[in-house]
Amino acid sequence: MSNHNDSEHNVPKPPKRKEMSRRQFLTYTLGGATAYMAAGVVLPMVRFGVDPILQKKDEGAFVKAVEVSKVTSEPLEVHFELKQQDGWYTSNSSLIAWVRRGEDGSIYALSPICKHLGCTVGYNNNPELPNQYFCPCHGAHYTQEGKQLAVASKPLDEYAVKEDEGWVYLGEIIPNQRVQ
């Protein structure tokens, strides 16, 4: 004999909606708010670290410095200005280069910054060392190609040079390529 009540127990009941408790609601709300605030702190730091990697590299800006006709085998002191962007501040920086025509006929420009301690070198400013760059701070001196002869551990750096339409353009400072 089957009982009518037995068949009722086998009938699947519809699933009950699980109600969210107050504790779960507070946990989710506080967790979401904490994640939102943490993202507000972390994302600017991530952008600060990643942004320089994503920036396009410039070929290097060249600045018009001197006419090609004025360049001889004797070093010529050339003053030029370079625009610098530092954050939102733009300024002009006055720079110096020693420009000369090499024995092979090519034009090159040396940086006047001594490799010993960063003083400014001059050309032919010491009568005991003719035809040399001389640093008055500590006595370092260099050949016309920038090779160190005393005190300094490295040769003078040089500027990247480009000739165009009768002018010499100077670019970024690079290690000296003329002397080893």
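Residues numbered from 1 in each chain as written. Predicted model: local features only at pLDDT ≥ 70, side-chain atom pairs only at ≥ 80, totals over all residues. Heavy atoms only, no water.

Sorry if this is basic, but what is going on with the sheet that holds strand E3 (residues 89-101) here?
Sheet strands associate in pairs through backbone hydrogen bonding, adopting either a parallel or an antiparallel arrangement. Across the sheet, six strands lie side by side as E1-E10-E9-E4-E3-E2; this open sheet has antiparallel pairing. Whereas interior strands pair on both sides, the edge strands pair on one side only; in this sheet they are strand E1 (63-67) and strand E2 (76-86). Each adjacent strand pair in this sheet contributes to an overall mean axis angle of 40°, direction not counted. (Pairing = 2+ DSSP bridges. Helix = DSSP H or I, 4+ residues; strand = E, 2+ residues; numbered from the N terminus. Axes fitted to C-alpha atoms, helices over the stretch in contact; angles between N-to-C directions.)

I would appreciate a short explanation of the side chain of Ser-93 in the present structure.
Along the chain, Ser-93 falls in strand E3. Each residue touching Ser-93, except ones within four places of it in the same chain, is listed here: Phe-80, Glu-81, Leu-82 and Gln-84. (Contact = heavy atoms within 4.5 Å.)

How should I be thinking about helix H2 (residues 22-54) in this particular structure?
Because each turn of an α-helix spans 3.6 residues, side chains separated by three or four positions in sequence point in the same direction. Between its first and last C-alpha, H2 extends 46 Å over 33 residues, near the 48 Å set by a 1.5 Å rise per residue. Where H2 bends most, the angle comes to about 30°, and this point is Phe-48, followed within four residues by the proline Pro-52. (Expected span 1.5 Å × (residues − 1). Bend = angle between axes of the 7 residues up to and from the residue.)

Please clarify how the side chain of Glu-158 should be interpreted in this entry.
Tracing the sequence through the fold places Glu-158 in strand E9 (residues 158-164). For the buried Glu-158, which has no salt bridge, the nearest side chain bearing the opposite charge is Arg-178, at an N-O separation of 4.6 Å. Among the polar contacts made by the side chain of Glu-158, one reaches the main-chain amide nitrogen of Gln-177 at a distance of 2.6 Å. Apart from the residues lying within four places of it in its own chain, the contact partners of Glu-158 are Tyr-108, Ala-109, Leu-110, Ser-111, Glu-172, Ile-173, Ile-174, Pro-175, Asn-176, Gln-177 and Arg-178. (Buried < 20%, exposed > 50% of the residue type's maximum accessible area, 1.4 Å probe, protein only. Lys, Arg positive; Asp, Glu negative; His and termini not counted. Salt bridge = Lys/Arg side-chain N within 4 Å of Asp/Glu carboxyl O. Polar contact = N/O pair within 3.5 Å; in protein donor to acceptor, adjacent residues only side chain to side chain.)

What exactly am I supposed to notice about the pattern of salt bridges here?
It is possible for side chains bearing opposite charge to pair when their charged atoms get close. In total, this model carries three salt bridges according to the counting rule given. Two residues, Lys-115 and Asp-157, come together in a salt bridge whose shortest N-O distance is 2.9 Å. Residue Lys-115 is found in the loop between strand E4 (107-110) and strand E5 (122-123), and its partner Asp-157 is found in the loop between strand E8 (148-150) and E9; the two are separated by 42 residues along the sequence. The exposure class of Lys-115 is partly exposed, given its relative accessible area of 29%.

Got a minute to help me understand the packing of aromatic side chains in this structure?
How two aromatic rings sit relative to each other is given by the distance of their centres and the angle of their planes. Going through the model one piece at a time under the given rule, you end up with four aromatic pairs. Measuring from centroid to centroid gives 5.7 Å for Phe-80 and Tyr-159, while their planes differ by 80°, and the two rings are edge-to-face. You can see Phe-80 sitting in strand E2 and its partner Tyr-159 sitting in strand E9, a full 79 residues away along the chain. Among the aromatic side chains, those forming a connected cluster through ring pairs are Trp-98, Tyr-123 and Tyr-133. The ring of Tyr-169 has Lys-162 sitting right over it, with the charged end atom 5.6 Å from the ring centre. (Phe/Tyr/Trp six-rings, centres within 6.5 Å; stacked < 30°, edge-to-face > 60°. Lys NZ or Arg CZ within 6 Å of the ring centre and 35° of its normal.)

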